[in-house]
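What the coordinates show
Chain residues, written in single-letter form:
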Amino acid sequence: MSTASNGQGTGAGALLAILRDGRARTRGELAQLTGLSRSTVSQRLDGLIAGSWVVAAEDSISSGGRPAAVFAFNERARVVLAADLGATRARLAVLDLGKTVLAERAAELHVDQGPERTLEWVATAFRELLDGAGHDLDQVCGVGVGLPGPVEHASGRPVNPPIMPGWDGFDVPGWLGARLGAPVLADNDVNIMALGEHWAAGPEVDHLIFIKIGTGIGCGIISGGRLHRGAQGAAGDVGHIRVPASEAPCRCGNLGCLEAVAGGASMAAQLRAAGVAANGSRDVVALMRAGDLRATRLVRQAGREVGAVMASIVNFFNPSLIVIGGDVAEAGEQVLAGVRETIYSRSLPLATQHLGIRSSRLGDRAGVVGAAVMVVDHVLAPDAVDQAFGHH
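Residues numbered from 1 in each chain as written. Predicted model: local features only at pLDDT ≥ 70, side-chain atom pairs only at ≥ 80, totals over all residues. Heavy atoms only, no water.

What follows covers the pairing of strand S6 (residues 101–108). As paired strands, strand S5 (residues 89–96) and S6 are joined by 7 bridges and run antiparallel to one another. Residue pairing for S6: Ala90 is matched across the bridge by Ala107. Linkage of S5 to S6, two consecutive antiparallel strands, is achieved through a turn of 4 residues, within which Lys99 is found at a positive phi near 70 degrees. (Pairing = 2+ DSSP bridges. Helix = DSSP H or I, 4+ residues; strand = E, 2+ residues; numbered from the N terminus.)

In structure tokens:
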């Protein structure tokens, strides 16, 4: 593939990449940005317009003479299907290419019933959602799935997931792709939430850490504007970092893991031991909101414990923003206060000088929005677009 003087590609994909920032531009501007001739730009645009990826925008730009037509990315060209699967709950959505949710559904869904039954439900629910949104399967450009365990992203197969019996090595993209007729990408649920929150934070945030405090505790890392998955896709597994002075047994077999001290399941267990009815992280938050002092103290302390582990990570990674999400983050200020307290007291001044710590902007939608980000970035990558248009 030849490249223009500014290092951009020169195919239709390069034009689409420029227009995806939402600004409409003239042929002349596109020629200048790519270093291509106006006739080549027109040829590439014709192909993109024929595929409805680009539309001629209303507002023309006048430079004194005849107004020049402007062209813009068409966010409605296709739709994306997104599924955020947790241990016991699923959220599904249909989104456009601008990540606007067109239809969504949340439901109880237990992943421990195995991959076929779970994904059969997902495929059926997707068809119903599409139907309700007035779209059909041939408008779907891709499907994104978040799973509650480690996933080898390249193949989309779960790897020894502790809470997903029967899923190890299962070909999620192959199985679901055959039923929906579109490319399927899968990743760990916390990774896709990190992608969603990074998209919401905006392109100026290059280094972000997303922490999910739910039944367990996980973390997604955006480094240099990209998701950092690590060698085995296991980057960000902070839930099993040891907390000093704790002997609490963890489901992983070790003692004193952060998850065993501060996860929603462990907080619920501590409340049950004190005679308070609490089954999981949502009950803990509900009790705290109702003014239960024990639940409030536990949540605040969980925030401190998470902050203590994150303080080391802040010194090591130097993010500009930490975003806290998951069920327990719904407890808002109490969790944030605990996290901030230990991070600011234990991290180096230089690392925290401009550090933002806030709760999730997208809330429950972080996963489905992130799954859509993952799909759109893959499908509309310049190379993928060029291949589709036959420019090399």
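Bringing the environment of Val243 into the picture now. Here Val243 lies in the loop between strand S13 (226–227) and helix H7 (258–262). Judged by relative accessible area, which is 4%, Val243 ranks as buried. In sequence terms Val243 and Ala90 are 153 residues apart; their C-alpha atoms lie 31 Å from each other. (Buried < 20%, exposed > 50% of the residue type's maximum accessible area, 1.4 Å probe, protein only.)

The next subject is the pairing of S5. Every other side chain in a regular strand lies on the same face of the sheet, so the side chains alternate between the two faces. The element S5 is extensively covered by neighbouring structure, given that 7 of its 8 residues are classed as buried. Sheet topology note: the strand S4 (residues 79–85)/S5 ladder contains 7 bridges and is antiparallel. What sits directly across from Ala82, in S5, is Ala93. Where S4 folds back on S5, the antiparallel hairpin that results is connected by 3 residues.

This next bit is on the state of the cysteines. Summed over the entire model, instances satisfying the criterion amount to 0 disulfides. Between Cys219, a cysteine without a disulfide, and Cys257, which holds the nearest cysteine sulfur, the sulfur-to-sulfur distance is 15 Å. (Disulfide = S-S within 2.5 Å.)

The next thing to look at is the sheet that holds S13. Taken in spatial order, the 5 strands line up as S13-S12-S11-S14-S15 in an open sheet, and their pairing is mixed. Looking at which strands have only one partner, the edges of the open sheet turn out to be S13 and strand S15 (356–359). Its contacts with the sheet put helix H6 (residues 189–201) on strand S11 (208–213), strand S12 (217–223), S13, strand S14 (321–325) and S15, and the angle it makes with S11 is roughly 130 degrees. Docked against the sheet, helix H11 (residues 333–346) engages S11, S14 and S15, running at close to 165 degrees with respect to S15. (Contact = heavy atoms within 4.5 Å. Axes fitted to C-alpha atoms, helices over the stretch in contact; angles between N-to-C directions.)

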